[in-house]
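# A look at the structure
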Amino acid sequence: MNRQGVTLLEILISAVLLVLVCAGLASVFLAGKKIIGHDRSQLTALELTKYFTSAMDMQVKSSSTAPLGDTTTCLYNPALCSPTTITLDRTYTSTVTSEAGFLPGLRRVQVTISWQD
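A quick note: this is a predicted structure, and the numbers were derived from the prediction, not measured. (Residues numbered from 1 in each chain as written. Predicted model: local features only at pLDDT ≥ 70, side-chain atom pairs only at ≥ 80, totals over all residues. Heavy atoms only, no water.)

### Some words on the overall build of the chain
Helices and strands together make up the secondary structure of the chain, namely one helix and three strands. Tracing the chain from N to C terminus, the helices and strands come up as α-β-β-β. By the burial criterion, 13% of the 117 residues in the chain qualify as buried. Long-range pairs, those at least 24 residues apart, make up 38% of the contacts in the chain between residues at least 6 apart in sequence. Accessible surface, the chain as shown: approximately 9,100 Å² in total, 64% of it carbon and sulfur. (Helix = DSSP H or I, 4+ residues; strand = E, 2+ residues; numbered from the N terminus. Buried < 20%, exposed > 50% of the residue type's maximum accessible area, 1.4 Å probe, protein only. Contact = heavy atoms within 4.5 Å. Areas by Shrake-Rupley, 256 points an atom, 1.4 Å probe, with all protein chains shown as cover.)

Right, dumping it as structure tokens:
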């Protein structure tokens with residue numbers, strides 16, 4: 001007997017296979033979106049680090065810097081020169097610490113940017 005067409009069982013099996021393939025592709029796209037979002041946050045944090053430290057940078061490059069040991073400068077009190085929180089696509093918080101370097105007159109500055117994904 002020569003029949004043309006497909007049976008209901010064949011259509012159901014094809015539909016299930018199609019759904020499985022689509023679910024696999026969707027998970028790949030969602031994982032990619034999450035990775036791209038995290039990378040974007042890291043890039044934003046890098047740019048914000050430049051922003052948070054720009055006042056200190058300008059003070060170091062300036063020819064009229066305060067005398068060594070002046071605690072009213074950004075190098076000795078980082079909270080004086082930069083904000084601690086910026087809200088863009090999410091809230092970024094900076095923590096700036098400054099400590100004495102291994103040579104007199106040098107300071108070690110560490111900037112930490114944190115955010116919630």
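There's more to say after this.
### Observations regarding the sheet that holds strand β3 (residues 107-114)
Across the sheet, which stays open at both edges, the three strands sit in the order β1-β2-β3 with antiparallel pairing between neighbours. The two strands at the open ends of the sheet, each matched to only one other strand, are β1 (85-87) and β3. Taking each pair of neighbouring strands and ignoring which way they run, the sheet shows an average axis angle of 20°. Here strand β2 (residues 91-100) pairs with β3 via eight bridges, running antiparallel. Among the inter-strand pairings, A100 is bridged to a residue of β3, identified as R107. (Pairing = 2+ DSSP bridges. Axes fitted to C-alpha atoms, helices over the stretch in contact; angles between N-to-C directions.)

### Structural notes on the environment of A45
Relative to the helices and strands, A45 resides in helix α1 (residues 8-61). Each C-alpha atom of the pair A45 and S94 lies 9.2 Å from the other, and the pair is 49 residues apart in sequence. Those residues within four positions of A45 in sequence are excluded, and the remaining contacts are Y92, I113 and W115.

### Overview of the packing of aromatic side chains
Summed over all chains, the structure comprises one aromatic pair. Relative to W115, the ring of Y92 has its centre 5.8 Å away and its plane inclined at 50°; by these criteria the two rings are tilted. With a gap of 23 residues between them, Y92 in strand β2 and W115 in the segment after β3 connect regions that are remote in the sequence. Judged by relative accessible area, which is 0%, Y92 ranks as buried. Judged by its relative accessible area of 22%, W115 is partly exposed. (Phe/Tyr/Trp six-rings, centres within 6.5 Å; stacked < 30°, edge-to-face > 60°.)

### Some remarks on the nonpolar core
Grouped together as the largest cluster of nonpolar side chains are six residues: A45, L48, F52, I86, Y92 and I113. No other element matches the three residues that α1 contributes to this core. (Core = buried A, V, L, I, M, F, W, Y, C linked by side-chain atoms within 4.5 Å.)

### Re the pattern of salt bridges
A complete count under the given rule lists one salt bridge for this structure. Measuring nitrogen to oxygen at the nearest pair gives 3.7 Å for the salt bridge that ties K50 to E47. With a gap of three residues between them, K50 and E47 both fall in helix α1, about one helical turn apart. A residue is classified by how much of its surface remains accessible, and E47, at 42% relative accessible area, is partly exposed. (Salt bridge = Lys/Arg side-chain N within 4 Å of Asp/Glu carboxyl O.)

### Section: the pairing of β2
In terms of strand pairing, β1 meets β2 through three bridges, oriented antiparallel. Along β2, the bridge assignment pairs I86 with Y92. Following β1, the chain reverses through three residues before pairing antiparallel with β2.

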